[in-house]
Amino acid sequence: MSASVSLRIRSSLRRALAGGAVASALLLGTMGCAGSAPSPDPTDSRPLALVYDGPQGCPDCAPTIASILQSGDDPFRVEFVGPGTGTELSAQILAEAQLYVQPGGGDDLATTWDDLAPQAQAVRDWVGRGGSYLGLCFGAYLAGRDPGFDLLPGDAYGWAGSPGATVPDARDTVVPLTWRGEQRWVYFQDGPGFDLDEDADVDVLATYPDGAPAVLVAPFGAGRVGVAGPHPEADESWYQEAGLTNPDGYSTDLIEDLLAATLAR
């Protein structure tokens, strides 16, 4: 993931100079520490979404999904959590939130899991009581097992290079998915597929060209877990920086669909 990360750092600096709360947080991340959300406003009645932005996150991943969450039809107030943000992931902060997002990141699952493992049971308990977990690429791996939160009826695996996969390695690319019966193209960079238990209770929103689940939502206790191997949240700059073109053009409808399914009760 190093090539795309270096490209995104340059883009992050450009966007940070443009101003805005999310852009300012992103600038801090590119300077070697994770971004932090503005101080909570006690009069802000929007539901709270927590977005992990620890040191293993890629520079654009947390700010990109945060921007989408803040600007949707039903906007969230967003707080970044994790080492370096000033807000640790904890049972106390989870209790205030409706949604927890584990976004894309680097390629070192073990190191990130060292940061997350102490709060893994708190996350599981919170989802089980009715919280919503959204995992994107790296965060989708972490929804699985060994290492991971073990929130799925099955496990995540590296789809690129697997038997039947149309992407042979960890390159940045665009993959065709069958999303709710229609072909859609989505940004992809070494994300997982999902090996589900027999008779698993899941809603598979999208599959890869070989039929493997690519995007799905599953219940976990009273809560919901949404995961995507690709990056339906990727904005136009991701494509530009990687020299890629999305045949569908840029749209947020897929990430909005995944969010709605993850939050549905």
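Everything below is about the structure shown above.
Residues numbered from 1 in each chain as written. Predicted model: local features only at pLDDT ≥ 70, side-chain atom pairs only at ≥ 80, totals over all residues. Heavy atoms only, no water.

1. Structural notes on helix α9 (residues 253-263)
1) Next: Turning to α9, its buried residues are L254, I255, L258, L259, A261 and T262. Taken down its axis, α9 places every buried residue within 165 degrees of arc, on the same side. (Buried < 20%, exposed > 50% of the residue type's maximum accessible area, 1.4 Å probe, protein only. Helix = DSSP H or I, 4+ residues; strand = E, 2+ residues; numbered from the N terminus. Arc of directions from axis to C-beta.)

2. So, the sheet that holds strand β11 (residues 223-228)
Backbone hydrogen bonds are what pair the strands of a sheet, in a parallel or an antiparallel way.
1) Next: The strand order across the open sheet built from nine strands is β2-β1-β3-β4-β11-β10-β9-β6-β7, with neighbouring strands paired in mixed fashion. For this open sheet the edge positions go to β2 (77-81) and β7 (182-188), each flanked by a neighbour on one side alone. In this sheet, neighbouring strand axes are inclined to one another by 20 degrees on average, regardless of whether the strands run parallel or antiparallel.
2) Next: Pairing analysis gives four bridges linking strand β9 (residues 203-207) to strand β10 (residues 213-220), with the strands arranged antiparallel. Of the residues in β10, the one forming a bridge with D203 is V217.
3) Next: Those strands touched by helix α3 (residues 61-71) are β1 (48-52), β2, β3 (99-102) and β4 (132-136), and its axis lies near 160 degrees from that of β2.
4) Next: Across the sheet, α9 lies against β3, β4, β6 (173-179), β7, β9, β10 and β11, angled at about 150 degrees from β4, the strand it touches most. (Pairing = 2+ DSSP bridges. Axes fitted to C-alpha atoms, helices over the stretch in contact; angles between N-to-C directions. Contact = heavy atoms within 4.5 Å.)

3. Side note on the packing of aromatic side chains
1) Next: Summed over all chains, the structure comprises eight aromatic pairs.
2) Next: Centre to centre, the rings of Y133 and F149 are 5.6 Å apart; their planes meet at 70 degrees, and the pair counts as edge-to-face. Of this pair, Y133 sits in strand β4 while F149 sits in the loop between α7 (138-141) and β5 (154-158), placing them 16 residues apart in sequence. Of the two residues, Y133 and F149, neither departs from the other in class, the shared state being buried.
3) Next: Here the aromatic rings of Y187 and W238 are separated by 5.5 Å at their centres, their planes lie at 80 degrees, and the arrangement is edge-to-face. Placement of Y187 in strand β7 and of W238 in helix α8 (residues 236-242) is noted, with a sequence separation of 51 residues between them. Pair check on accessibility: Y187 and W238 agree, each one buried. (Phe/Tyr/Trp six-rings, centres within 6.5 Å; stacked < 30°, edge-to-face > 60°.)

4. Section: the state of the cysteines
1) Next: Applying the stated criterion to the full structure yields one disulfide.
2) Next: Across a sulfur-sulfur distance of 1.9 Å, C58 and C61 are joined as a disulfide pair. Its torsion about the S-S bond being 95 degrees, the disulfide of C58 and C61 is classed as right-handed.
3) Next: Take C137: it sits in no disulfide, and the sulfur closest to it among the cysteines is that of C61, at 7.4 Å.
4) Next: By relative accessible area, C137 is classed as buried at 2%. (Disulfide = S-S within 2.5 Å.)

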